[in-house]
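# A structural walkthrough
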Amino acid sequence: MSVEPVIEVNNLNFSYNNISVLENISFAVQKGDYVGIIGPNGGGKTTLLKILVGLLNPQSGSIKIFGTDLQKLKHRSEIGYVPQRIAQENISFPATVYEIVESGLIAKKGLSGDITEEDKQAIDKALEMANISNLKNRLMSSLSGGQRQRVYVTRALASDPKILILDEPFTGVDIVSQKDFYSFLKDLNTKNHLTILFVSHDIDTITTEIKTVLCLNRGLFCYGAKELMHEGNTIEELYGKNVTHIHHGK
Ligand code: ADP
């Protein structure tokens, strides 16, 4: 029995102001996969994520989410998205953890929807999943980078997504918290059955964590089981022969 992929990208092309950034990208992500997206700076990783969550429209190609064209997808809330550097941004208003997580329901309910008892349960469940119920009344400004990042993942979880997409989630998270954060993501993948895609520069660690690797350097350089990254594959081979300088951690 063939299983329908949760994400299917075919012949995707994207350019900013006629400058091509993604060329002829095709891949399919199976349910329950845990995909690490790597590639040199400017390789198009963030752009690809933004296209997958519907923030940018490709010039050509198709994207299907659960077999439906992304543009026709009724429930965008099925995809949770944690943008790049969000945990490092200063919040100029005194928001609590609970309020930030609650704002994750806007994708599902719209701005004017009242918060119901069911929504409150969804927020509590997301806080429990992330093991941060004890922080819910704290001000965001009082948290560490790692704790804030966890809050933003929790916000993405509040709408009960099936796919979680994270852009460099480990930036600004200290080394000790990174380990916890990896095990949090792993639990979301294995215990909560979320399909996860994330961009990272931390190539060494992601090889031990992820199931599938996607190397992007304008084109799709490689895509497959993480074993692709072991023996015989130098970084240069993975990223592309023309890459002379790979900068880790922007
Ligand atoms: P990565 O995440 O792999 O570093 P990006 O997707 O951020 O790559 O960027 C890919 C390319 O697109 C880079 O050359 C970048 O300068 C360019 N780019 C990104 N955003 C914009 C934008 N809003 N307008 C024009 N060019 C952009």
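If you look the protein chain up in an unreviewed UniProt entry, it shows as ABC transporter domain-containing protein from Candidatus Magasanikbacteria bacterium RIFOXYD1_FULL_40_23. Quoted straight from UniProt, the Sequence similarities (unreviewed entry) entry for the protein chain says "Belongs to the ABC transporter superfamily."

Looking at chain direction, strand 1 (residues 7–16) and strand 4 (residues 60–65) are connected through 5 bridges and run antiparallel. In the strand pairing of strand 4, Ile7 is matched with Ile65. Here 2 bridges tie strand 4 to strand 5 (residues 68–69), and the two strands are oriented antiparallel to one another. Residue Ile65 lies in a different strand from strand 5, and its bridge partner there is Thr68. The hairpin turn running from strand 4 into strand 5, its antiparallel successor, is 2 residues long, and Phe66 in that turn takes a positive phi close to 50°.

Now for the site of the ligand. Of all residues adjacent to the ligand, which total 11 residues, the nearest are Gly42, Gly44, Lys45, Thr46 and Thr47. Side-chain polar atom of Lys45 to an oxygen atom of the ligand: 2.7 Å apart, as the coordinates give it. Measuring from an oxygen atom of the ligand, one finds a side-chain N or O atom of Thr47 at 2.5 Å. Starting from 570 Å² of accessible surface for the ligand in isolation, the protein chains cover 58%. Looking at the shell around the ligand, the element that brings in the most residues is helix 1 (residues 45–52), giving 3 residues. For the shell around the ligand, the class distribution of residues is 3 nonpolar, 6 polar and 2 charged.

One can describe the packing of helix 5 (residues 145–157) onto helix 6 (residues 175–190) by two numbers: an axis separation of 11 Å at closest approach and a directional angle of 15°. Classed by the angle they form, the pair helix 5 and helix 6 counts as roughly parallel. Helix 6 is crossed by helix 5, and the crossing has right-handed handedness. Here Gln149, Arg150, Val153 and Leu157 of helix 5 come into contact with helix 6, specifically with Asp180, Phe181, Phe184 and Leu188. Grouping the amino acids of the contact of helix 5 with helix 6 by side-chain chemistry returns 5 nonpolar, 1 polar and 2 charged.

Considering all chains together, one arrives at 1 disulfide under this definition. Each sulfur of the disulfide joining Cys215 and Cys222 lies 2.3 Å from the other. The exposure classification of Cys215 matches that of Cys222, with both residues buried.

Our focus in this paragraph is unusual backbone geometry. Unusually for a residue other than glycine, Asn17 sits at a positive phi of about 45°. Topologically, Asn17 is positioned in the loop between strand 1 and strand 2 (19–29). Since its relative accessible area comes to 73%, Asn17 is described here as exposed. We note that Asn18 has phi near 65°; this positive angle belongs to a residue other than glycine. Here Asn18 lies in the loop between strand 1 and strand 2.

On the basis of which strands lie adjacent, the open sheet formed by 4 strands has the order 2-1-4-5 and antiparallel pairing. The sheet is open, and its two edges are formed by strand 2 and strand 5, each paired on a single side. Along the sheet, helix 1 contacts strand 1, strand 2 and strand 4; its crossing angle with strand 1, the most-contacted strand, is approximately 120°.

We describe a pair of aromatic rings using the distance from one ring centre to the other and the angle between the two ring planes. Using the criterion set out here, one finds 8 aromatic pairs in the structure. Look at Phe170 and Phe181: their rings are 5.4 Å apart centre to centre, the planes differ by 90°, and that puts the pair in the edge-to-face class. In this pair, Phe170 sits in the loop between strand 7 (163–167) and helix 6 while Phe181 sits in helix 6, placing the two residues 11 residues apart along the sequence. For Phe170, a relative accessible area of 8% corresponds to the buried category. Taken together, Tyr34, Phe170, Phe181, Tyr182, Phe184 and Phe198 form an aromatic cluster joined through their ring pairs. Positioned above the aromatic ring of Phe184 is the side chain of Arg150, whose terminal nitrogen or guanidinium carbon lies 4.5 Å from the ring centre.

Below, the discussion takes up helix 1. Of all 8 residues in helix 1, 7 are buried, a share of seventy percent or more. Taken together, the buried positions of helix 1 are occupied by Lys45, Thr46, Thr47, Leu48, Leu49, Ile51 and Leu52. Immediately downstream of helix 1, the backbone of Gly54 shows phi near 85°, a positive value.

Quick notes on the rules
Residues numbered from 1 in each chain as written. Predicted model: local features only at pLDDT ≥ 70, side-chain atom pairs only at ≥ 80, totals over all residues. Heavy atoms only, no water. UniProt positions renumbered as here; feature names shortened; annotations may be inferred. Pairing = 2+ DSSP bridges. Helix = DSSP H or I, 4+ residues; strand = E, 2+ residues; numbered from the N terminus. Near = heavy atom within 4 Å. Polar contact = N/O pair within 3.5 Å; in protein donor to acceptor, adjacent residues only side chain to side chain. Areas by Shrake-Rupley, 256 points an atom, 1.4 Å probe, with all protein chains shown as cover. Nonpolar A, V, L, I, M, F, W, Y, C, P; charged D, E, K, R; others polar. Axes fitted to C-alpha atoms, helices over the stretch in contact; angles between N-to-C directions. Parallel < 35°, antiparallel > 145°, perpendicular 65-115°, else oblique. Left-handed = near helix turned anticlockwise from the far one by under 90°. Contact = heavy atoms within 4.5 Å. Disulfide = S-S within 2.5 Å. Buried < 20%, exposed > 50% of the residue type's maximum accessible area, 1.4 Å probe, protein only. Phe/Tyr/Trp six-rings, centres within 6.5 Å; stacked < 30°, edge-to-face > 60°. Lys NZ or Arg CZ within 6 Å of the ring centre and 35° of its normal.

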